[in-house]
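Here is how the chains run, residue by residue.
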Amino acid sequence: MSGDHTGPAATIAARVRHVEALLEQRGLVDAQELDRALEAFLARASPANGARLAARAWLDGGFRARLLADANAALPELGLSMGGGLQEQRLKVVENTEDSHNVIVCTLCSCYPIALLGPSPTWYKSEAYRSRVVRDPRGVLREFGFEPGPDVKINVWDSSAESRYMVLPRRPAGTGDLDEPALAALVTRSGLIGVAPV
Amino acid sequence: MSRINDVGGMQGFPPVEQEADEPAFHADWEAHVFALNRALIGHGVYNLDEFRDAIERMPPQEYLASSYYEKWFRAIATLLAEKGVLTEEEMAGG
Amino acid sequence: MAELFSPGDRVRTSLTDPPHHTRLPRYARGAVGTVVEHQGRHPLPDRRARQLPAEPEPVYTVRFAAAELFGEGDHTVTIDLWESYLRPAAPEVTR
């Protein structure tokens, strides 16, 4: 490693800055354009979007059916979309029921509906999660503190192509008198991935 | 060849590590790598499949030792060199 | 080019270990599953990654029993697979 200018001696932050500067000099990227695009993306995409979709689906059976049948067409009803990225991807929403539970993964890399939910958690992208959840979903869910009953059928979705997946969690019991925002507040990113009940 | 990224079902990995309330990016450079990749793909320097392929071609030991965005940056640098956009020497300088 | 497979069809995945980028995970090679639904048509990433011309081809959501993939487990794994990764499998025998 001696004499290697790109080795550990140069921090990754410096190396990224350097490459970005070179690309700017060549006119291939524009620093301000990058910053603006990033800001817009982070402001628009977050798990709160998924939470709103879940809450609306719990309250409105027609919306729930539309969301499950064609999520991309249903998203604009809440002012949401899967656009804003490199290309609009197909969103597939999969519903948890009393006797079935869904978990999402991308074993090959890290595919995730970032256009809707924002960046995925680091654990979702880890080799530990990607390797183990397809083989032992109950074991992985147990690590997240969640143990579906033995009669609950678990299905793991490996996002290996162009579709991106989101779980529609079950509405928790005892929430009959909550309004839509209060219901949305119950939904976590983990629930939308399927490693938590909601 | 079966590549190191293809870990589904592979045994031996540890329990899943969770970080409470983690930010979207843990450092500024990660956000820059994210934005840079989008811009380069958007401008047609390479496509998304080439990007994934470049990550997969990392030496296995380096792949497993790298953080997520370190893998991204390594792939971006590989493609920029292979496509003749920047040379290794240019990227090493500064 | 019409879709080869329809929902409910049994399919078997390729056993090949390709010397290039692919989106068929190794844990699902040579496995029999059931087509759940069509996923649209997209160019094969195996070719796109090498900048080879690739016409859009059907992609399918295919469900596999864990026991089929790993020899154990009571769950299912559902994977999105390009038609090039699949061929017909014999229908399931029921007694």
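Predicted model, so just to flag it, every value in this text is computed and none were measured.

Student: Explain the overall build of chain B to me, and be specific about the residues and the numbers.
Tutor: Helix and strand content of chain B: five helices and zero strands. With the C-alpha coordinates aligned to their principal axes, the bounding extent of chain B is approximately 40 × 35 × 25 Å. Within chain B, contacts between residues separated by at least 24 positions form 58% of all contacts whose residues are at least 6 apart in sequence.

Student: Residues and numbers for the pairing of strand E4 (residues 163-168) of chain A, please.
Tutor: Residues and elements named next belong to chain A. With six of six residues buried, E4 lies mostly within the body of the structure. Because side chains alternate across E4, one face comprises the buried residues Ser 163, Tyr 165 and Val 167, and the other comprises Arg 164, Met 166 and Leu 168, equally buried. Relative to E4, strand E1 (residues 90-95) runs parallel, the two being bridged by six bridges. Looking at E4, one finds that Glu 95 is bridged to Leu 168.

Student: Break down the sheet that holds strand E3 (residues 153-158) of chain A for me, with residues and values.
Tutor: Taken together, the seven strands give an open sheet; going across it, the order is E2(A)-E3(A)-E4(C)-E3(C)-E2(C)-E1(C)-E5(C), and neighbouring strands pair in mixed fashion. The open sheet has two free edges, formed respectively by strand E2 (100-105) of chain A together with strand E5 (86-88) of chain C, since each of these has just one partner strand. Along the sheet, successive strands turn relative to each other by an average axial angle of 35°, direction set aside. In this structure, strand E1 (residues 10-13) of chain C lies alongside E5(C), joined through three bridges in antiparallel fashion. Counterpart to Arg12(C) in the pairing with E5(C) is Arg87(C).

Student: Tell me what's going on with the interface of chain A and chain B, and back it up with residues and numbers.
Tutor: Taken together, the contacts link 37 residues of chain A with 42 residues of chain B. At seven residues, the largest contribution of residues to the side of chain A that touches chain B is made by helix H1 (residues 12-25) of chain A. Taken together, the residues of the side of chain A that touches chain B break down into 21 nonpolar, eight polar and eight charged.

Student: Now, about the domain arrangement of chain A: what can you tell me, with residues and values included?
Tutor: Examined at the domain level, chain A breaks down into domain 1 (12-42) and domain 2 (45-193). Once you take the C-alpha centre of each, domain 1 of chain A and domain 2 of chain A turn out to be 32 Å apart.

Student: Lay out the nonpolar core in plain terms, naming residues and giving numbers.
Tutor: Formed by 65 residues in total, the largest nonpolar core has its most connected members in Ala54(A), Val105(A), Val156(A) and Leu81(C). Considering each element in turn, this core owes the most residues, six residues, to helix H3 (residues 47-59) of chain A. Ignoring sequence-local partners within four residues, the contact set of Ala54(A) consists of Leu168(A), Pro169(A), Ala184(A) and Val187(A). Formed by 24 residues, the second largest nonpolar core is a distinct cluster that contains Val29(A), Ala31(B), Ala35(B) and Leu79(B).

Student: Requested: an account of the environment of Tyr85(C), with residues and values cited.
Tutor: Residues and elements named next belong to chain C. By the secondary structure assignment, Tyr 85 is in the loop between strand E4 (76-82) and E5. A C-alpha to C-alpha distance of 9.4 Å links Tyr 85 and Thr 22, two positions 63 residues apart in sequence. Residue contacts for Tyr 85: discarding those within four places in its chain leaves Thr 13, Ser 14 and Leu 24.

Student: Explain the interface of chain B and chain C residue by residue, including any values.
Tutor: Taken together, the contact pairs 11 residues of chain B with 10 residues of chain C. Taken together, the residues of the side of chain B that touches chain C break down into one nonpolar, four polar and six charged.

Student: Summarise the pairing of E3(A); cite the residues concerned and give the values.
Tutor: Sheet topology places E2(A) next to E3(A); six bridges connect them, and they run parallel. Residue pairing for E3(A): Asn102(A) is matched across the bridge by Asn155(A). Pairing geometry for E3(A) and E4(C), over four bridges, is parallel. What sits directly across from Asp158(A), in E4(C), is Ile79(C).

Student: Provide a residue-level description of the packing of helix H2 (residues 31-44) of chain A against helix H1 (residues 28-42) of chain B, including the pertinent values.
Tutor: Interhelical geometry of H2(A) versus H1(B) gives an angle of 105° and a closest axis separation of 10 Å. Taken together, H2(A) and H1(B) sit at an angle that is classed as roughly perpendicular. The segment H2(A) lies against H1(B), with Leu34(A), Ala37(A) and Leu38(A) engaging Ala31(B), Ala35(B), Leu36(B), Arg38(B) and Ala39(B).

Reading guide: rules and limits
- Residues numbered from 1 in each chain as written.
- Chains lettered and ligands numbered in written order.
- Predicted model: local features only at pLDDT ≥ 70, side-chain atom pairs only at ≥ 80, totals over all residues.
- Helix = DSSP H or I, 4+ residues; strand = E, 2+ residues; numbered from the N terminus.
- Contact = placed C-beta atoms within 7 Å.
- Buried ≥ 20, exposed ≤ 12 C-beta atoms within 10 Å, placed from the backbone.
- Pairing = 2+ DSSP bridges.
- Axes fitted to C-alpha atoms, helices over the stretch in contact; angles between N-to-C directions.
- Nonpolar A, V, L, I, M, F, W, Y, C, P; charged D, E, K, R; others polar.
- Domains from an automatic or database assignment.
- Core = buried A, V, L, I, M, F, W, Y, C linked by C-beta atoms within 7 Å.
- Parallel < 35°, antiparallel > 145°, perpendicular 65-115°, else oblique.

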